[in-house]
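Coordinate inspection notes
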Amino acid sequence: MIYSVKGMRDILPPSSTIWNEVEAAARRVFARFNYREIRTPVLEETALFARGVGEETDIVSKEMYTFEDRDGSSLTLRPENTASVLRAYIEHRLDQQPGLQKLYYLGPMFRRERPQKGRYRQFYQIGAEAIGSDSPAVDAEVIELVVALLHEVGIHDFQLLINSVGSKESRAKYNEALRAQLKDVAPRMCVDCRRRAETNPLRVLDCKVPEDQPIIEQLPSILEFLNDEDREHFERVREFLDDRDIAYTVKPRLVRGLDYYARTTFEITHGALGAQNAILGGGRYDGLAELLGSRVPAPGIGFSIGEDRLVMAVEEGKTLAAASLDLYIAPMGDAALRHCAVLAGDIRKLDVSVEVGTDRKLKRMLELANKLAARYTLIVGDNEIVSQSYSLKDMATGEQETLNRQALLEHLAKSR
Ligand code: HAM
């Protein structure tokens, strides 16, 4: 017996129907905000994430699926997609296209984390990136899009947390202050924090070790270190959100687990999800394009929704309907089976879903039609073939109607 790999799972019906509905809803919202789809490969050169996401992050230092290819190059299964989208933006000179590049994506990401409810090693993200402007209006529009998307899938009870981690300049000052304070307290913290205190103090704020949290709460807040432009940028983002009546909480310790963030960062949490309650995260990443080799600056902002978690939230309180089937045809005998296969083909052209039974026992076929919740059933034997008239049964009312072939097709087309 071979099982699926730890932390990787099959998504089966009826849950897969919700996945499809969520994806269709996301595409509708993206279209309204003028985003278009980008598809990037799941494999990239390891250096892209090492440089883009940051060597010191948990993602890069502990969680990536990295392997040596046959030619000796180091490849990694993408742990996230922002770095890949930026790589594509630079590679295809999308900066030369008119206006902002507003790109969305859906697909699997891979992180070797400890699996638990809402946390998988292959998980799915629905995300978007708006590249080419540092205007706070874009930040607010991206957040507005996220909120619209959650509403579109029927989720209203969520919490939006925002922060600004400032530009490089502000962060350098903040890092200095953190480093100074950490000198005293780091020896009482976990091994990772002791190392980060030296190499990348901001990452200390990302520590999940419970014993370290009281120490982290005493550390200075980044908001006190924002320079004038960063502070104004953050204020304008908040103004734009207020104009849109979007409620948020400012959370000064929200630094997020990736190194590329600059200025605005945000997360949305949802109560029903338990410990892994972040349904999505995002932020601005001015400077990332240059870090990845762009000769022209390409400031941008985006977000990624954890689709597994979004679907969990949507499924909460929803009884999953079995797939709906329009028509079940029960053929009696070999000649009827051939006849029904052709008839089913014609009916499917009307966009009506049809299942043709293959059992020899009529009783068993009708039981199955019931289990499949078919709306109509049709029993076809030699008489029906000769007379070309069919008796269509409405399973909800029990009513039967005798129809010739043309009338049958018209009836089914109308009933869709
Ligand atoms: P992230 O916070 O690493 O950000 O991931 C975004 C979301 O993906 C999380 O909030 C969570 O819902 C989901 N997620 C992450 N890891 C897992 C996992 N192991 N299992 C299930 N769901 C998971 C990013 O990935 C950035 N690329 C977001 C972004 C886009 N920033 C700017 N643009």
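Overview of the structure. (Residues numbered from 1 in each chain as written. Predicted model: local features only at pLDDT ≥ 70, side-chain atom pairs only at ≥ 80, totals over all residues. Heavy atoms only, no water.)

1. Here we look at the side chain of N175
By secondary structure assignment, the location of N175 is in helix α6 (residues 168-185). For N175, a relative accessible area of 17% puts it in the buried group. Of the polar contacts made by the side chain of N175, one reaches the backbone nitrogen of L202; its length is 3.4 Å. Those residues in contact with N175 that sit more than four places away from it in its chain are P201 and L202. (Helix = DSSP H or I, 4+ residues; strand = E, 2+ residues; numbered from the N terminus. Buried < 20%, exposed > 50% of the residue type's maximum accessible area, 1.4 Å probe, protein only. Polar contact = N/O pair within 3.5 Å; in protein donor to acceptor, adjacent residues only side chain to side chain. Contact = heavy atoms within 4.5 Å.)

2. As for the packing of aromatic side chains
Under the definition given, this model contains seven aromatic pairs. Centroid distance Y260 to Y261: 4.9 Å. Interplanar angle 65 degrees. Geometry classified as edge-to-face. In terms of burial, Y260 and Y261 fall into one category: buried. Ring centres of Y260 and Y285 lie 5.9 Å apart, and the angle between their planes is 80 degrees; on these two criteria the pair is classed as edge-to-face. Placement of the pair is Y260 in the loop between β8 (249-250) and β9 (264-270) and Y285 in the loop between β10 (278-284) and α10 (288-291), with a sequence separation of 25 residues. Under the relative-accessibility criterion, Y260 is labelled buried at 7%. (Phe/Tyr/Trp six-rings, centres within 6.5 Å; stacked < 30°, edge-to-face > 60°.)

3. A word on the pairing of β9
Of all seven residues in β9, seven are buried, a share of seventy percent or more. Residues T264, F266, I268 and H270 point to one face of β9 and T265, E267 and T269 to the other, with burial holding for every one of them. Here β9 pairs with β10 via five bridges, running antiparallel. When the sheet's bridge partners are listed, I268 is paired in β10 with L280. (Pairing = 2+ DSSP bridges.)

4. Brief notes about helix α7 (residues 191-199)
In an α-helix, one full turn covers 3.6 residues, which means residues spaced three or four apart are oriented alike. What α7 keeps buried is the set C193, R196 and A197. With its buried residues spanning 110 degrees around the axis, α7 presents them on a single face. Exposed positions of α7 whose direction lies more than 90 degrees from the buried face are V191 and E198. Next to the buried residues of α7 lie α3 (58-63) and α6. (Arc of directions from axis to C-beta.)

5. Description of the sheet that holds β8
The strands making up a sheet associate through hydrogen bonds between their backbones, and the pairing can be parallel or antiparallel. Strand order in this open sheet of eight strands is β1-β5-β6-β11-β10-β9-β7-β8, and the pairing throughout is mixed. Each edge of the sheet is formed by a strand with only one pairing partner; in this case those strands are β1 (36-37) and β8. Sheet topology note: the strand β5 (residues 101-110)/strand β6 (residues 122-131) ladder contains 10 bridges and is antiparallel. Counted as the bridge partner of K102 is A130 from β6. Set on the sheet, helix α5 (residues 136-152) makes contact with β5, β6, β7 (158-164), β9, β10 and β11 (300-306); between it and β11 the angle comes to about 20 degrees. (Axes fitted to C-alpha atoms, helices over the stretch in contact; angles between N-to-C directions.)

6. Concerning the pairing of β5
Sheet faces and side chains relate simply in a regular strand, where the side chains alternate between the two faces. Summarising burial for β5: nine of the 10 residues are buried, a large majority. Sheet topology places β1 next to β5; two bridges connect them, and they run parallel. By the bridge assignment for β5, E37 is matched with Y104.

7. Quick word on unusual backbone geometry
A cis geometry characterises the amide bond from P13 onward to P14, with omega recorded as 5 degrees. Note that P14 resides in the segment before α1 (15-32). Its identity is not glycine, yet N34 carries a phi of approximately 65 degrees, on the positive side. Under the relative-accessibility criterion, N34 is labelled exposed at 55%.

Don't take any of this as a statement about function, it's just geometry.
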